[in-house]
Each structure stands twice: as C-alpha cells, then as structure tokens.
Amino acid sequence: GAVVSQHPSWVICKSGTSVKIECRSLDFQATTMFWYRQFPKQSLMLMATSNEGSKATYEQGVEKDKFLINHASLTLSTLTVTSAHPEDSSFYICSASRMGTDTQYFGPGTRLTVL
Amino acid sequence: GEDVEQSLFLSVREGDSSVINCTYTDSSSTYLYWYKQEPGAGLQLLTYIFSNMDMKQDQRLTVLLNKKDKHLSLRIADTQTGDSAIYFCAVQRNILTGGGNKLTFGTGTQLKVEL
C-alpha cells in the first residue's frame, strides 16, 4: 500500500491560463499532503503543507494567491497554478502522509510547461 | 534552517558497491530517509532510519548513521544498471519535536552505473 497518483502527468498551457493538478492517495487516507517544486537537476523545494479540511501552510516566498491549494478530502489535494507564466514551468510533485505517521509517499510528478 | 548536503555525482562499475554520502546540520533530526528518482518520475522511498539507530540493512541496501558527525550514508551492494538514478537523502523532525513532519532534502546524487 501507500500509492500516490498525480494527474495530469504533463501539461502544456498558454501564458495567463490556470492549471489544476490533482494528487490522490489511492489506498490510504492522507491527513497531510505536501506540494513540492523541482527545477531541472535540482532538489525538491517544499511549497506548502495541506491538512484535510483546513487552509494550507505556505513556505516563505511562495505566493498563496498564485498557487491555490485545496485539500477537501482525505484522499485528494489539488494545486491550481493561476495565471501561469513561463517561469512557473517546473516539475510539481506531491506527497502524502498517513494519519499518525511521518513518512511521506510521493506521487509521480506533473511536468508543467507554460508557453 | 536545516542544511543537507550531498555530492553531486558518483560513477561505479556494475557489480561494485556504491556509497552515497549525506551530511546534515540539525541534530534534532529524528527520521532520515533515502529516496530514488528516475528521470521524469517521482520519488521512490528506498529506506529510512530512526535517529536512535546506527545501521539498517535491507537486502542490497545498508544505511549507516553517525549522529555525532551528522553523517548518513547509503551503500548499494552489487550495483546494477537499473540502479542508475538520482538519490536524495532527506531529514525530518517528528511532529512532537515541532518539525511538523516537513522533509528537508539534500541536493541529490546522480549515480551512474557503467558496464
């Protein structure tokens, strides 16, 4: 168990449009989900932590109005990149933790390209 | 904040052992993880160790932890071409120590296995 999926796996959009990325825990309930961003050949940078039913906690320097996070259920969190620009092009990865545990299980990532 | 460092690149011959090293700064780190990332994919949890352990072995993988020096290593025995990937160490405080189960990732080590 502990499978996390993301959808879509890749997306290309025009500058100025919004893109929604879904993160699902398929076989467990995830009280906490995390969103990371990874630039080519770099490490993962945590963007925000979301707990089911409450507002996400954003890391310093991450614009909450630009990266909208919703964690409406114990198996689904969404990240919406609003008014996307080319500099938002990146690999976005989510992770999820089971209730009462610290281990994070990662999704396969979503490649976003903004033209 | 926490700083986690890894060497950027390691090249080994197939069948040899690989040792990937990681240093961290926060002595309160409670859980230490190793993740594997193949090109264009998410992160696969390989193994983890609690801070009260010195060593953990799991099939071809051996994790060594030196808390005094804040040094973590991952040894892969009988390295195969399928082991070629980027390996990330990550450290975490547990919720009880105020870490909020956030992960801090190392810079990643690119492992190349040559025939």
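Please refer to the structure higher up on the page.
A. Fine view of the side chain of A:Thr82. All names here are of chain A. With respect to the helices and strands, the residue Thr82 is situated in the loop between β8 (76-81) and β9 (90-98). Classification of Thr82 by relative accessible area gives buried; the value is 18%. Those residues in contact with Thr82, other than ones at most four positions away along the chain, are Thr17, Ser18, Asp65, Lys66 and Leu68.

B. Layout of the interface of chain B and chain A. The interface is formed by 19 residues belonging to chain B together with 19 residues belonging to chain A. Linking chain B to chain A there are one salt bridge. A salt bridge links A:Glu59 to B:Lys102; the shortest N-O distance between them is 2.9 Å. Applying the counting criterion to the chain B and chain A interface returns five residue pairs in polar contact (both at pLDDT 80 or more). At the level of elements, β4 (31-37), β5 (43-50), β9 (85-92) and β10 (103-105) of chain B are the ones that each hand at least two residues to the side of chain B that touches chain A. Examining the composition of the side of chain B that touches chain A, we find that four residues originate from one element, β4(B), more than from any other. Partitioning the side of chain B that touches chain A into residue classes produces ten nonpolar, eight polar and one charged.

C. How the structure looks around the sheet that holds strand β3 (residues 19-25) of chain A. Residues and elements named next belong to chain A. If you walk across this open sheet you meet the four strands as β1-β3-β8-β7, and the pairing is antiparallel. Taken across any chain shown, the strands that pair with only one partner, and hence form the sheet edges, are β1 (4-7) and β7 (67-73). Across the sheet, the mean angle separating the axes of adjacent strands is 15° when strand polarity is ignored. Both β7 and β8 contribute to a ladder of five bridges, which runs antiparallel. What sits directly across from Leu68, in β8, is Thr80.

D. Quick peek at the state of the cysteines. All names here are of chain A. Following the criterion strictly, the structure yields two disulfides over all chains and no others. Across the disulfide from Cys23 sits Cys94; the S-S distance is 2.0 Å. An S-S torsion of about 80° defines the bridge between Cys23 and Cys94 as right-handed. Pair noted here: Cys23 is in strand β3 and Cys94 is in strand β9, with a separation of 71 residues, a long-range link. Of the two residues examined, Cys23 and Cys94, each falls in the buried class.

E. Local environment of the packing of aromatic side chains. All told, the structure shown has twelve aromatic pairs over all chains when counted by the stated rule. Measuring from ring centre to ring centre gives 5.6 Å for A:Tyr36 and B:Phe105, while their planes differ by 90°; the resulting arrangement is edge-to-face. Of the two residues, A:Tyr36 is situated in strand β4 (residues 30-38) and B:Phe105 in strand β10; the pairing between them involves two chains. On the accessibility criterion, A:Tyr36 (1% relative accessible area) is buried. By relative accessible area, which is 8% here, B:Phe105 ends up buried. Measuring from centroid to centroid gives 5.8 Å for B:Tyr33 and B:Tyr48, while their planes differ by 40°, and the two rings are tilted.

Conventions we followed
- Residues numbered from 1 in each chain as written.
- Chains lettered and ligands numbered in written order.
- Predicted model: local features only at pLDDT ≥ 70, side-chain atom pairs only at ≥ 80, totals over all residues.
- Heavy atoms only, no water.
- Helix = DSSP H or I, 4+ residues; strand = E, 2+ residues; numbered from the N terminus.
- Buried < 20%, exposed > 50% of the residue type's maximum accessible area, 1.4 Å probe, protein only.
- Contact = heavy atoms within 4.5 Å.
- Salt bridge = Lys/Arg side-chain N within 4 Å of Asp/Glu carboxyl O.
- Polar contact = N/O pair within 3.5 Å; in protein donor to acceptor, adjacent residues only side chain to side chain.
- Nonpolar A, V, L, I, M, F, W, Y, C, P; charged D, E, K, R; others polar.
- Pairing = 2+ DSSP bridges.
- Axes fitted to C-alpha atoms, helices over the stretch in contact; angles between N-to-C directions.
- Disulfide = S-S within 2.5 Å.
- Phe/Tyr/Trp six-rings, centres within 6.5 Å; stacked < 30°, edge-to-face > 60°.

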